[in-house]
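Take a look at the letters that make up each chain.
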Amino acid sequence: MRPFISLKSIEERINGKGLEIDAVPLAQILDLDKTPVYVTSLNAVSQRLNKYKEALSIHFKQNEIFYAMKANFAAPILNTVSKENFGIDIVSIGEWRKALASGIHPNKVCFAGVGKKESEWKEAILGGLGNLSVEHLTELTEILDFLSEEKKLNSIAQKKLVVSLRLNPAVEVDTHPHLKTGALNSKFGVLFEHFCNWLNAKKMQFKNEELFLNWINPLKGIHVHIGSQLTENSIFPLVARKVLDCAQFMFENKIFVQHIDFGGGLGVGQNGVPENGEDIFSHVHFVCNAFKQESKKYPKLLSIWNDDFSNLFVCMEPGRSIVASSTIFLTKVLYEKRNSVENIFCYVDGAMNDFPRPSIYGAVHHAELVNYDNMNLSKNDLNIFSWNIVGPVCESGDFLAKNALLPQIHKGDVIAFFEAGAYCRSMASQYNLRELPSEIFVRDGNITDIF
Ligand SMILES: *Cc1c(COP(=O)(O)O)cnc(C)c1O
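Residues numbered from 1 in each chain as written. Predicted model: local features only at pLDDT ≥ 70, side-chain atom pairs only at ≥ 80, totals over all residues. Heavy atoms only, no water.

1. Points about the sheet that holds strand β2 (residues 19-21)
Two pairing modes exist for strands in a sheet, parallel and antiparallel, and in both the strands are linked by backbone hydrogen bonds. Strand order across the open sheet formed by three strands is β1-β2-β3, with antiparallel pairing between neighbours. Two strands close off the open sheet at either side, each with one partner strand: β1 (5-7) and β3 (24-25). Pairing of β1 with β2 involves three bridges; the strand directions are antiparallel. Counterpart to Leu7 in the pairing with β2 is Leu19. (Pairing = 2+ DSSP bridges. Helix = DSSP H or I, 4+ residues; strand = E, 2+ residues; numbered from the N terminus.)

2. As for the domain arrangement of the protein chain
In terms of domain boundaries, the protein chain breaks down into domain 1 (5-41 + 324-450) and domain 2 (113-316). Once you take the C-alpha centre of each, domain 1 and domain 2 turn out to be 40 Å apart. Domain 1 puts six residues into the contact, and the matching count from domain 2 is nine residues. Around 650 Å² of area is buried between domain 1 and domain 2 when both sides are counted, 56% of it from carbon and sulfur atoms. Run the count over domain 1 and domain 2 and you get zero salt bridges. In this structure, the connection of domain 1 to domain 2 is made through zero residue pairs in polar contact (both at pLDDT 80 or more). Counted by class, the side of domain 1 that touches domain 2 contains three nonpolar, two polar and one charged residues. (Domains from an automatic or database assignment. Contact = heavy atoms within 4.5 Å. Buried area = accessible area lost by both parts, 1.4 Å probe. Salt bridge = Lys/Arg side-chain N within 4 Å of Asp/Glu carboxyl O. Polar contact = N/O pair within 3.5 Å; in protein donor to acceptor, adjacent residues only side chain to side chain. Nonpolar A, V, L, I, M, F, W, Y, C, P; charged D, E, K, R; others polar.)

3. Some thoughts on the site of the ligand
Of all residues adjacent to the ligand, which total 15 residues, the nearest are Lys70, Ser228, Glu317, Arg320 and Tyr423. Lys70 has a polar side-chain atom sitting 2.8 Å from an oxygen atom of the ligand. Between the ligand and Gly319, the relevant distance is 2.9 Å, taken from an oxygen atom to a main-chain nitrogen or oxygen of the residue. Notes on the ligand: free accessible area 380 Å², of which the protein chains cover 95%. Residues that form the shell around the ligand fall into these classes: four nonpolar, six polar and five charged. (Near = heavy atom within 4 Å. Areas by Shrake-Rupley, 256 points an atom, 1.4 Å probe, with all protein chains shown as cover.)

4. Focus: the pattern of salt bridges
Should their charged atoms come close, side chains of opposite charge can pair. Overall, the coordinates contain 16 salt bridges when judged by the stated rule. The closest approach of N and O atoms between Glu294 and Arg241, which form a salt bridge, is 3.3 Å. In this pair, Glu294 is assigned in helix α10 (residues 278-295) and Arg241 in helix α9 (residues 236-252), connecting sequence segments 53 residues apart. For Glu294, a relative accessible area of 7% puts it in the buried group. Here Glu252 ties to Lys300 by a salt bridge, and the two come within 3.7 Å at their closest N and O atoms. Here Glu252 is found in helix α9, whereas its partner Lys300 is found in helix α11 (residues 299-305), with 48 residues between them in sequence. Take Glu252: its relative accessible area is 47%, and that puts it in the partly exposed class. Note on Lys300: relative accessible area 41%, which makes it partly exposed. (Buried < 20%, exposed > 50% of the residue type's maximum accessible area, 1.4 Å probe, protein only.)

5. Looking at the packing of aromatic side chains
One pass over the structure, following the stated rule, counts 23 aromatic pairs. A centroid spacing of 6.5 Å and a plane angle of 40° characterise the contact between Tyr38 and Phe355, whose relative ring orientation is tilted. On the criterion of sequence distance, the pair formed by Tyr38 in strand β4 (residues 37-41) and Phe355 in the loop between β14 (344-348) and α13 (357-361) is long-range, its members being 317 residues apart. Neither residue differs from the other here; Tyr38 and Phe355 are each classed as buried. Centre to centre, the rings of Phe262 and Phe291 are 5.3 Å apart; their planes meet at 70°, and the pair counts as edge-to-face. Placement of Phe262 in the loop between β11 (259-261) and α10 and of Phe291 in helix α10 is noted, with a sequence separation of 29 residues between them. Following the ring pairs from residue to residue traces out a cluster consisting of Phe192, Phe195, Trp198, Phe206, Phe212, Trp215 and Phe249. Positioned above the aromatic ring of Phe111, the side-chain terminus of Lys116 is 5.7 Å from the ring centre. Directly above the ring of Phe399 sits Lys402, whose terminal nitrogen or CZ lies 4.2 Å from the centroid. (Phe/Tyr/Trp six-rings, centres within 6.5 Å; stacked < 30°, edge-to-face > 60°. Lys NZ or Arg CZ within 6 Å of the ring centre and 35° of its normal.)

This is the structure we're talking about:
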């Protein structure tokens, strides 16, 4: 299922009449002659953002959804996020600049990232950044030093800044190895034990407690993001305990955590997402309930957060689950070739540089023949074959699908790949000096932007 996308039966997919996205018929999109092209329903993006907000608001009065823009940083998507008053999660200074240019208030930006340059965090802090996640203790020291200098200089920019420690909870989650971020063998975040040692050493170094507390004051949050494309969340009670242990340790050192960020990571399968956003509701409820349940064992923390958590700010940073199913990738058939009965190739005008997830991650994206010419149709054509859909790039690794089950294909037919909104266009490259793929944005029956 894909909200705002309707696909008719194979017999009806003639001359652009079988597919509609956000009430725009495929024929209208194909008239623009832009393939390979990504087509995005902006209503689908809005709907998913609002589901998160609704679900998180049920649990925590103070909350925020930061859309992780690395999943898809197209301007119309960022404008939608901005207009609907959501926050943005960024991981580079390029993303910072683009977020601001899209009208996002700097205070609604959360800057994470495992290898920030000093020039990057300085630019963002001085520009009024609201939330900064640190992933190294050296980085944390340097940032706190910088902030205490700034305070002395009476700069106002950093007043509202919340610095969070990105905790590596050292848990194993079930996802692709490249998508794990919260395990011992992961480069992300800081281990609790390392943080404890660091804090104790810093306290000793300062000697005077008041000076120390003043210095460390901007550190008010804990952030965890344990991985991407997570398909089960049974690990969350354990993650919640790790967060709470850290908050408790901070409490005992008079550092009062006011801000907890549960990261993103909700996965999207090959069949898309439910029309009613039920996947988001159940994920958010599970994470929040696990956290609230575990919190009961930490009465000291509840004494600062209140029993109804009204004194705690809770946020999430979804990327993939917001945009994945909002977008289809359309590519046109160039040729076919049959090397043997088992090895049938369909050459299309899109390639690994345009649509990289299959070749990088071995990701499987559902493919459909969505348009063909009436003239080509014969009864025989509706038999299904197992196709290797490949692009024009000079690499054996250049494929978009292996063993995709589709009918006979002819030159000029159009194949759509689904769940193409996240980590697809944003990972596109110009390998082979190919042009970057086009993008079309639609909403309420209108094409709003063409790139
Ligand atoms: C990538 C990333 C996200 C988003 O992850 P999704 O799997 O797309 O939801 C959230 N937070 C941080 C820190 C990230 O790096």
